[in-house]
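Next come the chains, spelled out residue by residue.
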Amino acid sequence: MILPILEYPDPRLKKVAAPVRTFTPDIAKLAADMAETMYAAPGIGLAATQVDVHKRVIVMDISEDRNELRVFVNPEIIAAEGEAEGEEGCLSVPGYYDKVARAERVTVRAQDQFGKPFELEAEGLLAVCVQHEMDHLVGKVFVDYLSPLKRARVATRMKKKQKLAG
Ligand code: NI
C-alpha cells in the first residue's frame, strides 16, 4: 500500500520516533508499505516519520536496479569517521537539493523487520542515506542543517507549492 508522504514544513516531521519493542506482523507490513511508497516516489530512502508513523523504521535502496531493499529497525550508529559533503534531497522536500556535511563512514547496528539483529559498515551514498534517514527518526530534516535564511526560503517555496496543489 502506498502511503502519503508528509512534506516540509509539516510539524509532524518533527516528532521523535519510538523504538520498536515487539516485532508483530504490523512492523513487517509497515516496512513493506514503506518500501512500496519509496519505490513509487521514486526515492532511495524513507523513514517511518515521513509517512506519519512514529516508530524507528527505515527503508533504503541505493542500487541502480532497485532490487536491494534494506530495512533498518531501531538503527544505531555505533561508529563514525571522516567527513564528506554531498548534495542531498528528500521525498519530504521535493525539488530541493543542497549540500550537507556528514560522516564519511558509519557502522550501523539495527534489526530487520522480523527482529533479526545485524551490523552494517556503510560508506559513500549508503552512509549518507543512513544518516539522513536516521535524522528523520529524531525529527530532523536535512534542511535543518542549512542557514536560517535558506531554510526560510525553502519553507516559503514549499508552502506556495502545497497551496497550488490544493
Ligand atoms: Ni528525507
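Placed above this text is the structure.
Residues numbered from 1 in each chain as written. Predicted model: local features only at pLDDT ≥ 70, side-chain atom pairs only at ≥ 80, totals over all residues. Heavy atoms only, no water.

Section: the overall build of the protein chain
Secondary structure assignment for the protein chain yields three helices and seven strands. Relative to the compact-globule value of 15 Å for 166 residues, the protein chain shows a C-alpha radius of gyration of 15 Å, a close match. For the C-alpha atoms alone, the extent of the protein chain along its principal axes is close to 45 × 40 × 30 Å. Within the span of the protein chain, comprising 166 residues, buried residues form 45% of the whole. Sequence separation of at least 24 residues holds for 65% of the intrachain contacts in the protein chain that already meet a minimum separation of 6. Of the roughly 9000 Å² of accessible surface on the protein chain, 53% is carried by carbon and sulfur atoms. Considering the protein chain, the positive charge centre built from 23 side chains and the negative charge centre built from 25 side chains are found 9 Å apart. (Helix = DSSP H or I, 4+ residues; strand = E, 2+ residues; numbered from the N terminus. Rg over C-alpha atoms; globule rule 2.2 N^0.38 Å. Buried < 20%, exposed > 50% of the residue type's maximum accessible area, 1.4 Å probe, protein only. Contact = heavy atoms within 4.5 Å. Areas by Shrake-Rupley, 256 points an atom, 1.4 Å probe, with all protein chains shown as cover. Lys, Arg positive; Asp, Glu negative; His and termini not counted. Charge placed at Lys NZ, Arg CZ, Asp CG, Glu CD.)

Describing helix α1 (residues 25-40)
In an α-helix, one turn spans 3.6 residues; hence positions three or four apart end up facing the same way. Its 16 residues place the ends of α1 22 Å apart at the C-alpha level, agreeing with the 22 Å of an ideal helix rising 1.5 Å per residue. Listed in full, the buried residues belonging to α1 are I27, L30, A31, D33, M34, A35, T37 and M38. Along its buried surface, α1 packs onto β1 (45-47), β2 (57-60) and β3 (70-81). (Expected span 1.5 Å × (residues − 1).)

Purely geometric stuff here, so don't read any function into it on its own.
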